[in-house]
Every structure is written in structure tokens, then in C-alpha cells.
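Observations on the model geometry
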Amino acid sequence: MFKYKLQHTRRSLYRTWLVCLFVSIGGISFVWLSCGKKGSPRPPERPLPPAVEDLRYAIQGDMVELSWTQPATAGGNASKPASIKVLRAVLSKEEIKCENCPVRFEAVAEIPIHTATSRKEDLRTLRYTEKIDLGYRYIYKVIVFDKYGIGSKNSNVVQFDH
């Protein structure tokens with residue numbers, strides 16, 4: 001009877017060990033093969049909004065008026081432009097002389113874009129006006145943002161001394 005229990009126990013341990021081994025190998029194989037591409041998750045890539053390409057300026061006394069054409073809506077899955085930020089850098093005479101110093105832009109305005117379906121509306125001219133002081137170099141650029149906060153490439157840069 002003791003011999004029977006010992007053989008029965010060995011068979012049970014052997015079966016249990018085999019079941020555990022197969023379950024472990026199956027579980028590891030399932031996880032390894034079924035998870036897809038390994039790596040950290042990335043959000044889907046979205047095309048940038050269209051950039052402004054025709055930024056220009058006009059000085060009238062102590063005021064500067066920036067103007068540009070509202071960018072047309074890009075095709076594909078790109079979002080429609082929602083706003084435009086006007087960025088400005090003001091350099092003093094000392095800062096102008098420094099060739100290797102970085103130019104620091106700051107946002108001075110955010111202009112909402114009212115999108116429409118007609119093509120005439122896409123070619124509308126937008127304007128921004130502000131007062132400027134004498135003795136400085138002004139540098140401006142604009143960036144288009146979509147409703148998700150994704151920004152376009154920088155527009156062309158305009159600069160002038162006043």
C-alpha cells in the first residue's frame with residue numbers, strides 16, 4: 001500500500017510538473033507572439049497645418065501693421081487651422097551687435113481663424129497692428145495652430161530697424 005501511494009504521488013507530481021511547464025510555455029508564447037510591435041506606444045502622426053508664406057509689414061509713424069494671407073486648408077487628414085500666433089523679438093542696439101546671441105521670440109497675439117468652406121474665404125488677408133518704439137530692431141514671424149495645438153512651420157521672418 002505504501003508503494004502504491006508513492007507511485008501515485010510520483011505520477012501526480014510528474015503530471016503537475018508537465019502541466020505547469022506547458023502552461024508556462026504557452027503563456028510566454030502567447031504574450032511574446034500576440035502583443036504586436038514591441039516598443040513604447042506613439043500617437044498617430046498628423047500632418048502639420050499649412051504655414052504662412054507671405055508675411056509682410058508696413059510702418060506708419062509709430063505703428064507697424066503685419067499682414068498675411070490666411071493659409072488654405074490642407075488636404076488629407078490634416079486639421080483645419082484654428083488660430084495664428086504672432087511672435088515678436090525686440091533687440092536693442094547692443095543686442096544687434098551680438099552675432100552669436102540667440103533671438104528670443106515671445107507671443108504677442110493669438111488671432112482666431114474663422115474657417116469657411118468657400119475658396120474665397122481661404123485667401124483672406126489677416127492683419128495685426130501694434131505700437132513700436134524708436135531705437136530697436138523688430139523681428140516678427142507667425143505660426144498657424146490647429147484645434148489640437150499642433151503648430152505649423154514658422155512663416156517667413158520680417159525684420160526692420162525703427
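First, a word on scope: everything that follows refers to the structure included in this document. Being a predicted model, the structure only gives us computed values, none of them experimental. (Residues numbered from 1 in each chain as written. Predicted model: local features only at pLDDT ≥ 70, side-chain atom pairs only at ≥ 80, totals over all residues. Heavy atoms only, no water.)

**Things to note about the pattern of salt bridges**
Applying the stated criterion across every chain yields a total of six salt bridges. For R88, the salt bridge is made with E130, and the minimal N-O distance between the two is 2.8 Å. Placement of the pair is R88 in strand β3 (residues 81-91) and E130 in strand β5 (residues 125-131), with a sequence separation of 42 residues. Classification of E130 by relative accessible area gives buried; the value is 9%. One salt bridge connects R137 with D161, and the closest N-O pair in it is separated by 2.8 Å. With R137 in strand β6 (residues 137-146) and D161 in strand β7 (residues 158-161), the pair connects residues that are 24 residues apart, well separated along the chain. For D161, a relative accessible area of 49% corresponds to the partly exposed category. Each of R88, E106 and E130 takes part in one network of salt bridges that share partners. (Salt bridge = Lys/Arg side-chain N within 4 Å of Asp/Glu carboxyl O. Helix = DSSP H or I, 4+ residues; strand = E, 2+ residues; numbered from the N terminus. Buried < 20%, exposed > 50% of the residue type's maximum accessible area, 1.4 Å probe, protein only.)

**Considerations on the state of the cysteines**
Within the structure shown, the criterion is met by one disulfide. Here C98 pairs with C101 through a disulfide, and the sulfurs are 1.8 Å apart. Disulfide C98 to C101: torsion about the S-S bond roughly 80 degrees, handedness right-handed. Look at C98 and you get partly exposed, because its relative accessible area is 30%. Given the relative accessible area of 40%, C101 is considered partly exposed. (Disulfide = S-S within 2.5 Å.)

**Some points on the sheet that holds β6**
With antiparallel pairing, the four strands of this open sheet are ordered in space as β4-β3-β6-β7. Every interior strand has two partners, whereas the edge strands, β4 (106-112) and β7, have only one. In this sheet, adjacent strand axes meet at a mean angle of 20 degrees when their direction is disregarded. (Pairing = 2+ DSSP bridges. Axes fitted to C-alpha atoms, helices over the stretch in contact; angles between N-to-C directions.)

**A look at the nonpolar core**
L66, W68, I84, V86 and Y140 are the most contacted members of the largest nonpolar core, which totals 19 residues. Listing elements by their share of this core, those giving two or more residues are β2 (63-69), β3, β4, β5, β6 and β7. With four residues, β6 is the largest single contributor of residues to this core. Beyond its immediate sequence surroundings of up to four residues, L66 is in contact with L55, R56, Y57, V86, L126, R127, Y128, Y140 and V158. (Core = buried A, V, L, I, M, F, W, Y, C linked by side-chain atoms within 4.5 Å. Contact = heavy atoms within 4.5 Å.)

**Here we look at the sheet that holds strand β1 (residues 56-60)**
The strand order across the open sheet built from three strands is β1-β2-β5, with neighbouring strands paired in antiparallel fashion. Edge positions in the sheet fall to β1 and β5, since each of these pairs with one other strand and no more. When strand polarity is set aside, the average angle formed by the axes of neighbouring strands in this sheet is 20 degrees. Relative to β2, β1 runs antiparallel, the two sharing five bridges.

**Notes on the layout of surface pockets**
Roughly 170 Å³ of internal volume is contained in the largest pocket. Lining the largest pocket are A89, V90, L91, E95, I96, C98, C101, P102, V103 and R104. Counting only elements with at least two residues in the lining of the largest pocket, the list comes to β3 and α2 (93-97). Considering every element that reaches the lining of the largest pocket, the biggest residue donor is β3, with three residues. Its residues assigned to classes, the lining of the largest pocket shows eight nonpolar, no polar and two charged. (1 Å grid on protein atoms, 1.4 Å probe; cavity = no way out; pocket = protein on both sides within 12 Å on 5 of 7 lines; lining within 4 Å. Points joined across faces, edges and corners; volume = space filled by probe spheres on them. Nonpolar A, V, L, I, M, F, W, Y, C, P; charged D, E, K, R; others polar.)

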